[in-house]
Amino acid sequence: MSTWARLVAEALPVPERAPGPVERWSVRPGEVGAQVAGHEVSLIRPVAEEKDWDRVCAALASQPVFRGPSLDGRLPVESERVFAVVGLPLVPPGWDPLAASCTCAQWSSVCGHLGALVAELGARAEADPFVLVRWAGGDKAAFTARVSAAAAQQNGGGSPEAAQEEAAQEDVADPASAAVFWSAPELPALPQGLAEAGVRVQAAAPGPLLDELPVFDRRT
Ligand SMILES: [Zn+2]
């Protein structure tokens, strides 16, 4: 099983890491930054829009293996699949979508200071994945509230509290159950006409989107 730190390290490979402490670490919507060996380093990523958060929270709420942990303020590493599928990866898929900066003179490649920042990001994300949510422009309390509201809506309009209660009663706390979910046997072949369902799902209003997920899965 992967970890958030490993996802970060694999997505953002660095040739070296400057020795010494990472100081003045900060994360805010769109940017993580720190001071490494006297240099100011920063990583800027695109932030997600409201509708993106609605979509991913609806998707998480539609799956018991993620609904319970999400309502409980936890993010199993397996949930990154859901974020990525709805187009809001918490871990950026490589350096391309990022703007990296450092005050050192090494312009040609990722410097050791950025390497140290990436390593720090991985460690922080491992301790609290909501660091990644904040970097992507989200907020833990708002995130949990959105999942709760989506769960209530999917339950037929019941109160968020009722949805939370129901989720809490389900056996969803075991992270292994999420792994089982994602390693489920491949589904039967899709009928003709669903090949472009991914586009439709991405454009759809919030709802039980994860029903559509296997379609994405087969496309990647
Ligand atoms: Zn540097």
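Notes on the structure follow. Just so it is clear, the structure is predicted and the values come from calculations on it, not from any experiment.

Rules and cut-offs
Residues numbered from 1 in each chain as written. Predicted model: local features only at pLDDT ≥ 70, side-chain atom pairs only at ≥ 80, totals over all residues. Helix = DSSP H or I, 4+ residues; strand = E, 2+ residues; numbered from the N terminus. Buried ≥ 20, exposed ≤ 12 C-beta atoms within 10 Å, placed from the backbone. Contact = placed C-beta atoms within 7 Å. Pairing = 2+ DSSP bridges. Axes fitted to C-alpha atoms, helices over the stretch in contact; angles between N-to-C directions. Parallel < 35°, antiparallel > 145°, perpendicular 65-115°, else oblique. Left-handed = near helix turned anticlockwise from the far one by under 90°. Nonpolar A, V, L, I, M, F, W, Y, C, P; charged D, E, K, R; others polar.

### A look at the overall build of the chain
On a plain count of helices and strands, the chain comes out with eleven helices and four strands. Taking all 220 residues of the chain together, the buried fraction comes to 38%. A separation threshold of at least 6 residues defines the contact pool for the chain, and within that pool the share at least 24 residues apart is 70%.

### Topic: the pairing of strand β2 (residues 31-36)
On any regular strand, side chains alternate: one points to one face of the sheet, the next to the other face. Only one face of β2 is buried, namely the one carrying Val 32, Ala 34 and Val 36, since none of Glu 31, Gly 33 and Gln 35 on the opposite face is buried. Of the pairings in the sheet, the one linking strand β1 (residues 22-28) to β2 comprises five bridges and is antiparallel in character. Residue pairing for β2: Val 27 is matched across the bridge by Val 32. In sequence, β1 turns back onto β2 through a hairpin of two residues, with Gly 30 there showing a positive phi of about 95 degrees. The sheet contact formed by β2 and strand β3 (residues 39-44) spans six bridges and is antiparallel. By the bridge assignment, Gly 33 is partnered in β3 with Ser 42. The antiparallel pairing of β2 with β3 creates a hairpin that spans two residues between the two strands, and Ala 37 there sits at a positive phi of about 50 degrees.

### As for the packing of helix α1 (residues 4-11) against helix α5 (residues 112-127)
Relative orientation of the contacting elements α1 and α5 amounts to 155 degrees, with a least axis distance of 7 Å. Regarding the angle of α1 to α5, the classification is roughly antiparallel. In this structure, the crossing between α1 and α5 has a hand that is right-handed. On α5, the residues that touch Trp 4, Ala 5, Val 8 and Ala 9 of α1 are Val 118, Leu 121, Gly 122, Ala 123, Ala 125 and Glu 126. For the contact of α1 with α5, the residue count by class is eight nonpolar, one polar and one charged.

### Things to note about the environment of Glu 23
Tracing the chain through its elements places Glu 23 in strand β1. When the 11 C-beta atoms within 10 Å are taken as the criterion, Glu 23 is described as exposed. In this structure, the C-alpha to C-alpha distance between Glu 23 and His 39, residues 16 residues apart in sequence, is 9.9 Å. Excluding anything up to four places from it in sequence, Glu 23 contacts Ala 34 and Gln 35.

What is shown is where atoms sit, not what they do.
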